[in-house]
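# Analysis of the macromolecular model
Below, each chain spelled out in residue letters.
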Amino acid sequence: MTIGVPQEIKNNENRVGLTPSGVMELVKHGHTVYIQEQAGVQSGFLDTEYLEAGAKLAPTIEQIYDIAEMIIKVKEPIESEYNLIKQNQIIFTYFHFASSESLTKAMLASKAVCIAYETVEAPDGSLPLLIPMSEVAGRMSIQQGAKYLEKPLKGRGILLGGVPGVPPAKVLILGGGVVGTQAAKMAAGLGALVVILDINMKRMRYLDDVMPKNVFTEFSNELTIRKHIKNTDLIIGGVLIPGAKAPKLITRNMLKDMRPGTVLVDVAVDQGGCIETTKPTTHEDPIYIIDDVIHYSVANMPGAVPYTSTLALTNVTLQYAIQLANKGWKKACAENKGLQKGLNIVHGEIVYEAISTAFDFLPEKMSNHVS
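Please read these numbers as outputs of a predicted model, since none were measured by experiment.

Rolling a probe over the atoms, with the probe sized like a water molecule, indicates the empty space that remains. In this structure, the largest pocket occupies an estimated 1200 Å³ of space. Looking at the lining of the largest pocket, the elements that each hand over two or more residues are α6 (131-148), α7 (178-189), β8 (193-198) and α8 (201-210). Of the residues that constitute the lining of the largest pocket, the class distribution is 25 nonpolar, 13 polar and nine charged. The wall of the second largest pocket is formed by 21 residues, among which Lys10, Glu76, Ser99, Ser100 and Pro280 lie closest to the centre. Looking at the lining of the second largest pocket, the elements with two or more residues in it are α4 (79-82) and α5 (101-110). Of the residues in the lining of the second largest pocket, the class split is eight nonpolar, six polar and seven charged.

This part is about the sheet that holds strand β15 (residues 349-350). Strand order in the open sheet formed by eight strands is β3-β2-β1-β4-β5-β6-β14-β15, with mixed pairing between adjacent strands. Across the chains shown, the open sheet's two edge strands, defined by having one partner strand only, are β3 (56-58) and β15. Bridge analysis of strand β1 (residues 2-5) against strand β4 (residues 70-72) gives two bridges, and the strand direction is parallel. Among the inter-strand pairings, glycine 4 is bridged to a residue of β4, identified as isoleucine 71. Set on the sheet, helix α1 (residues 20-28) makes contact with β1, β2 (32-36) and β4; between it and β2 the angle comes to about 155 degrees.

Mapped onto the secondary structure, serine 309 falls in helix α10 (residues 306-327). Given the relative accessible area of 0%, serine 309 is considered buried. Aside from chain neighbours lying at most four places away, what touches serine 309 is Arg15, Met133, Val136 and Pro302.

Glancing now at the pattern of salt bridges. Applying the stated criterion across every chain, the model contains 16 salt bridges. Here glutamate 13 makes a salt bridge to arginine 15, at a shortest N to O gap of 2.8 Å. With a shortest N-O distance of 3.8 Å, glutamate 76 and lysine 75 are connected by a salt bridge. Exposure remark for glutamate 76: the relative accessible area of 14% places this residue in the buried category. Taking the relative accessible area as the measure of exposure, lysine 75 reaches 2% and is therefore buried. The network of salt bridges with shared partners includes Lys10, Lys75, Glu76 and Asp270.

What follows is about unusual backbone geometry. Unlike most non-glycine residues, glutamine 38 shows phi in positive territory, near 70 degrees. Along the polypeptide, glutamine 38 turns up in the loop between β2 and α2 (47-52). Phi is positive for lysine 154, close to 80 degrees, though the residue is something other than glycine.

Turning next to the packing of α1 against α10. As a packed pair, α1 and α10 sit with axes 10 Å apart at the nearest point and diverge in direction by 20 degrees. With respect to α10, the element α1 is oriented roughly parallel. For the pair α1 and α10, the sense of crossing is right-handed. Contact with α1, carried on its side by Gly22, Glu25 and Leu26, involves Thr314, Leu318, Ala321, Ile322 and Ala325 of α10 and no other residues of that element. Broken down by class, the residue content of the contact of α1 with α10 amounts to five nonpolar, two polar and one charged.

The next point concerns the side chain of threonine 224. Structurally, the position occupied by threonine 224 is in helix α9 (residues 222-229). When its relative accessible area of 11% is taken as the criterion, threonine 224 is described as buried. When near neighbours in sequence (up to four residues on either side) are disregarded, threonine 224 contacts Leu197, Glu218 and Phe219.

Right, let's talk about the environment of threonine 308 for a bit. Take threonine 308: it is sitting in helix α10. On the accessibility criterion, threonine 308 (47% relative accessible area) is partly exposed. Sequence separation of threonine 308 and lysine 151 is 157 residues, and the distance between their C-alpha atoms is 30 Å.

In this section: the packing of aromatic side chains. Each aromatic ring pair is specified by the distance between its two centres and by the angle formed by the two planes. According to the stated counting rule, one finds five aromatic pairs in the structure shown. Between phenylalanine 95 and phenylalanine 97, the ring centres sit 4.5 Å apart and the planes meet at 10 degrees, which makes this aromatic pair stacked. Judged by relative accessible area, which is 1%, phenylalanine 97 ranks as buried. Joined through ring pairs, the aromatic side chains of Phe92, Tyr94 and Tyr117 make up one cluster.

Of all residues in the chain, 97% have pLDDT values of 70 or greater, and the mean over the chain is 94. Here residues 363-367 is modelled with pLDDT under 50, and outside its nearest four sequence neighbours on either side it reaches ten contacts, counting other chains as well.

In this section: the packing of α6 against α7. Axis separation between α6 and α7 bottoms out at 7 Å; the angle between their running directions is 40 degrees. With respect to each other, α6 and α7 are oriented oblique. The chirality of how α6 crosses α7 is right-handed. Across the interface between the two elements, Ile131, Ser134, Glu135, Gly138, Arg139, Ser141, Ile142 and Gln143 of α6 pack against Val178, Val179, Gln182, Ala183, Met186 and Ala187 of α7. Tallied by class, residues from the contact of α6 with α7 come to seven nonpolar, five polar and two charged.

How each quantity is defined
Residues numbered from 1 in each chain as written. Predicted model: local features only at pLDDT ≥ 70, side-chain atom pairs only at ≥ 80, totals over all residues. Heavy atoms only, no water. 1 Å grid on protein atoms, 1.4 Å probe; cavity = no way out; pocket = protein on both sides within 12 Å on 5 of 7 lines; lining within 4 Å. Points joined across faces, edges and corners; volume = space filled by probe spheres on them. Helix = DSSP H or I, 4+ residues; strand = E, 2+ residues; numbered from the N terminus. Nonpolar A, V, L, I, M, F, W, Y, C, P; charged D, E, K, R; others polar. Pairing = 2+ DSSP bridges. Contact = heavy atoms within 4.5 Å. Axes fitted to C-alpha atoms, helices over the stretch in contact; angles between N-to-C directions. Buried < 20%, exposed > 50% of the residue type's maximum accessible area, 1.4 Å probe, protein only. Salt bridge = Lys/Arg side-chain N within 4 Å of Asp/Glu carboxyl O. Parallel < 35°, antiparallel > 145°, perpendicular 65-115°, else oblique. Left-handed = near helix turned anticlockwise from the far one by under 90°. Phe/Tyr/Trp six-rings, centres within 6.5 Å; stacked < 30°, edge-to-face > 60°. pLDDT = per-residue confidence, 0-100.

Structural data, given as structure tokens:
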């Protein structure tokens, strides 16, 4: 199979779809890999490294899309890429369709095979291609939140961990999944007082066992959220419903109950956000302020640490990319039911129900496309 890796062109997206080591493995399986020139530079991988790994270089993104049977990238195609995608071409990337009707319609029109990293499942129901980026984003949410709590950046002027004789900041985390767990580890390590809200008692029992003594768990409901936001300094939104829009746990009218300079970091922004006032921002212009509350909702947070993120991503995506390249998407998805869950749009039809629900489209049966 001929595989293409374009340079990411989303604002400040510095990751790349494959590392040189990933290229080498695909080439060993007999596949041809084209890398767009300079695609890996921002992640710390030079063109010479890709050439040494067996890749071929192409100077433009147009050539990459034109020659490749499968595109491997990091983020969803943006508008300037829509017309480059060909019918029957496999696009293997993060899509987060439920947050963008325009992207969904564009991929339907392309009649490509869209396989979304974020909905591929492991046998235990976990999301193996989402986990590493959720780990990165969860940890980064505390770094960014701590920074924007500083007074020159319009925050409350509070140090996350406090100092002897001065209490630490309070951190509220919505969701005890991967993002929430990693955020809690970082915040607790810095000495903050941390509360994790979730509705899964089994998960909360686990977190209660493994977290340090400055992390507490509570059952999530509107009353509990309203109680905590009145005296919380940093709020992390980490709620995930696979492939679907995130529920709005904090509404616009709740902002008035927060203290001026409170910071909201909505990691769920890729799926529409779990805070009603969330809108996607970029690393170039990461925050906005509503009712004196700082909102940080960068839609590609791991792109700020591309070396770490690219390595972590290729570690998990490569085995699936090899299956797709070796067997073709139909056979690979028929034999691997977890990979089949990654099918979102196939030949102009939605095959993942949560996307249909988000936009009131009629879902098609998986059996129509996978033998």
